[in-house]
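The lines below spell out each chain.
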There are 2 protein chains.
Amino acid sequence: MSARVLLPWIDIDVPEGLSAAYYDGVDAPPADLGDVEFYVLPYDRGPEPPKLIKDLPSLRVVQSLSAGVETLVPLLPEGVRLTNGRGLHDLSVAEHALALVHAAQRDLPRWFAQQTRGEWVREHTRSLADSRVLLVGYGSIGQAVERQLVAAEAVVTRVASRPRPDKDVHGVAELPTLLPKADIVVLVLPDTPATRGLIGPGELAALPDDALVINVGRGTAIDTEALLAETRSGRLRAGLDVVDPEPLPADHPLWTVPGVVITPHIAGGSASFYPRAKKLAAEQLRRYVEGEELLNLVVQ
Amino acid sequence: MSARVLLPWIDIDVPEGLSAAYYDGVDAPPADLGDVEFYVLPYDRGPEPPKLIKDLPSLRVVQSLSAGVETLVPLLPEGVRLTNGRGLHDLSVAEHALALVHAAQRDLPRWFAQQTRGEWVREHTRSLADSRVLLVGYGSIGQAVERQLVAAEAVVTRVASRPRPDKDVHGVAELPTLLPKADIVVLVLPDTPATRGLIGPGELAALPDDALVINVGRGTAIDTEALLAETRSGRLRAGLDVVDPEPLPADHPLWTVPGVVITPHIAGGSASFYPRAKKLAAEQLRRYVEGEELLNLVVQ
């Protein structure tokens, strides 16, 4: 008897000993999933795919392709293991942080607006090279951001929740002395009670004039009203892939502040994610069929 | 007697033994420059500053802050040395190449357009990570571009005018076999008879569908009409800081092609250039006054 697996994409390598059914999270799932033991959740398809878990009586493993799986844990039946997509999005998010930095430093919105008018008007811009960047959040995404910043010859100062002097990482408690020396702050923080509102009116006020605030972690790390005040006055600039609230309402004043660029929480899902996700899924299936320990176990 | 130097900025360190006059290339030059021996040309200020050379009877050295000095050579009186700004712009240009790559891969014009309408509509984008990049031009700028591409985990193939197999650099003669395997082509080439029209209809046709063409070298490297045809059809995309002709006329059809982003030849002059230029100027003045050999001598 061959065990069945439920997969979001048809081009995942399925090892011998398993047969596959497919559910992309958009069309209806196949009928007759009573023998599915391993469910790789469709990525970023809203609340429907996780609801299917309760309809899979033979289920043994749920593989999420996201890093955050808090909302899945309560849906897991007793004895079903949960693995996550830790690391799959790191490069995609890191790359988007760089895109936002370049967009702001190189005045890209201005040139694209000129382009629509056929206007060749030149002006020198800021640059990333030689800028002092305060990188807040030093997990795997933060480290990927750092490698790209260093290659661009920016001067990076590392900050994490807890100081790690052996790795030259400062703690967030040192922000008051670090912020005044930053040309650019890049936030790569998860949403936790400790990170909520970490960058408030006082922290923003501590930044030098014309500093750039980049956020690719979670919107809650920044006090939106305070950021609005400091960017509206023209004192600070911002590049945001995440905001609070999200989605940002159509009539929110942040949309139209000059010096603020906003993308709609798309940092994690770019093309480089998919091959990595499919490779992880294939490796997990191989481990499952060969009885090896699964990667990225969150609940076992 | 103290020798006089003519400088574009007041915050250049002037060594003892020299006195300075200032000319920014915008306001009129000071009168009475008969004793100026060393002239640091204002950067990117058009044709007026070089014309001043003929009015400086004591002149011994002209320091340009550009890399290309072809137009200056004919203006030099007998016995006047010329030094250039080789290297000062490398990082600025390289960084702008990355900005254009990110803008195109991450659909930044789309998000900025959505932003003007207060629209939170999400879609996954292409990425730079894992992309196959053909880097054409492997001087100091090309190498700076490469470091940033590699940090973003792109897969880089190096091309230069002449192959250097010891450094894994292919020659331009190999382009026909290399282009079909490129997701992104980055051109970092000077304007020479050999580079003019290097990327013509055949080279563009050899690129796979949806490939991205980036140019931060000189516009003449690409056949504009051929690029227009391939981008208008939607088959290729482009990110251009340089074009041919330049400035691009207001009614040129390239301005409005979807999938083409254009900046008005601003790659080289961003903020990181200025401290580097001032440092070079100060070092050259020191060498001049101490009788040491000057850096970046082009004509001696």
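Below: a short report on this structure.

Definitions and cut-offs
Residues numbered from 1 in each chain as written. Chains lettered and ligands numbered in written order. Predicted model: local features only at pLDDT ≥ 70, side-chain atom pairs only at ≥ 80, totals over all residues. Heavy atoms only, no water. Least-squares fit on C-alpha atoms with pLDDT ≥ 70 in both. Contact = heavy atoms within 4.5 Å. Pairing = 2+ DSSP bridges. Helix = DSSP H or I, 4+ residues; strand = E, 2+ residues; numbered from the N terminus. Axes fitted to C-alpha atoms, helices over the stretch in contact; angles between N-to-C directions. Buried area = accessible area lost by both parts, 1.4 Å probe. Salt bridge = Lys/Arg side-chain N within 4 Å of Asp/Glu carboxyl O. Polar contact = N/O pair within 3.5 Å; in protein donor to acceptor, adjacent residues only side chain to side chain. Nonpolar A, V, L, I, M, F, W, Y, C, P; charged D, E, K, R; others polar. Core = buried A, V, L, I, M, F, W, Y, C linked by side-chain atoms within 4.5 Å. Buried < 20%, exposed > 50% of the residue type's maximum accessible area, 1.4 Å probe, protein only. Expected span 1.5 Å × (residues − 1). Phe/Tyr/Trp six-rings, centres within 6.5 Å; stacked < 30°, edge-to-face > 60°. Lys NZ or Arg CZ within 6 Å of the ring centre and 35° of its normal.

## Overview of the relation of the copies chain B and chain A
Part 1 of the reasoning: Here chain B sits on chain A after a turn of 180 degrees about the axis and a move of 0.0 Å along it, with an RMSD of 0.1 Å. The superposition operator between the copies reduces to a two-fold rotation axis.
Part 2 of the reasoning: A shared binding surface is used by both copies, with 100% of the interface residues of chain B retained as interface residues in chain A.

## A word on the sheet that holds strand β2 (residues 18-22) of chain A
Pairing between the strands of a sheet comes from backbone hydrogen bonds, and it takes one of two forms, parallel or antiparallel.
All names here are of chain A.
Part 1 of the reasoning: Overall, mixed pairing links the six strands, which are arranged β2-β1-β3-β4-β5-β13 in an open sheet. The strands lining the two open edges of the sheet, one partner per strand, are β2 and β13 (297-299). Strand-to-strand, the axes of this sheet are offset by a mean angle of 25 degrees, without reference to chain direction.
Part 2 of the reasoning: Direction of pairing for strand β5 (residues 81-83) relative to β13: antiparallel, over a ladder of two bridges. Across the sheet, L82 pairs through a bridge with V299, a residue of β13.

## Let's talk about the interface of chain B and chain A
Part 1 of the reasoning: Taken residue by residue, the interface counts 56 residues in chain B and 56 residues in chain A.
Part 2 of the reasoning: Both sides of the chain B and chain A interface together cover about 5,000 Å² of buried area, and 59% of this is carbon and sulfur.
Part 3 of the reasoning: Counting the contacts that link chain B with chain A gives 10 salt bridges.
Part 4 of the reasoning: A salt bridge links R106(B) to E95(A); its shortest N-O distance comes to 3.2 Å.
Part 5 of the reasoning: Between the two partners, chain B and chain A, sit 38 residue pairs in polar contact (both at pLDDT 80 or more).
Part 6 of the reasoning: Mapped onto the side of chain B that touches chain A, the elements with two or more residues apiece are α2 (90-105), α3 (108-116), α4 (140-151), β12 (260-262) and α8 (273-290) of chain B.
Part 7 of the reasoning: The element contributing the most residues to the side of chain B that touches chain A is α2(B), with eight residues.
Part 8 of the reasoning: Partitioning the side of chain B that touches chain A into residue classes produces 28 nonpolar, 15 polar and 13 charged.

## Section: the nonpolar core
Part 1 of the reasoning: Counting residues in each nonpolar core, the largest one holds 69 residues, and the members touching the most others are L128(A), V145(A), V186(A), L108(B), L128(B), V145(B) and V186(B).
Part 2 of the reasoning: Here this core gets 10 residues from one element, more than from any other, and that element is helix α2 (residues 90-105) of chain A.
Part 3 of the reasoning: Setting aside anything within four residues of it in sequence, one finds V145(B) in contact with A94(B), A97(B), L98(B), L135(B), V186(B) and V188(B).

## Some words on helix α4 (residues 140-151) of chain A
Part 1 of the reasoning: Counted at 1.5 Å a residue, the expected span for α4(A) with its 12 residues is 16 Å, and the 17 Å between its end C-alpha atoms agrees.
Part 2 of the reasoning: Three or more residues of α4(A) are buried, namely G142(A), A144(A), V145(A), E146(A), Q148(A), L149(A) and A151(A).
Part 3 of the reasoning: In the core, the buried residues of α4(A) are packed alongside α2, β6 (132-136), β7 (155-160) and β9 (184-187) of chain A together with α4 of chain B.
Part 4 of the reasoning: One or two residues past the end of α4(A) sits E153(A), with phi positive at roughly 65 degrees.

## Points about the packing of aromatic side chains
Part 1 of the reasoning: Overall, the coordinates contain 13 aromatic pairs over all chains when judged by the stated rule.
Part 2 of the reasoning: Taking the centre distance of 4.4 Å and the plane angle of 45 degrees together, the rings of Y43(A) and F273(A) count as tilted. Here F273(A) lies in helix α8 (residues 273-289) and Y43(A) lies in the loop between β3 (36-40) and α1 (48-51), a separation of 230 residues in the sequence. We note that Y43(A), like F273(A), is buried.
Part 3 of the reasoning: Ring geometry for W255(A) and W120(B): centres 6.3 Å apart, planes at 70 degrees, overall edge-to-face. Of this pair, W255(A) sits in the loop between β11 (237-240) and β12 (260-262) while W120(B) is found in the loop between α3 and β6 (132-136), placing the two residues in two different chains.
Part 4 of the reasoning: Residue classification places W120(B) among the buried positions, given a relative accessible area of 16%.
Part 5 of the reasoning: The ring of W9(A) carries the charged tip of K278(A) above its face, separated from the ring centre by 5.2 Å.

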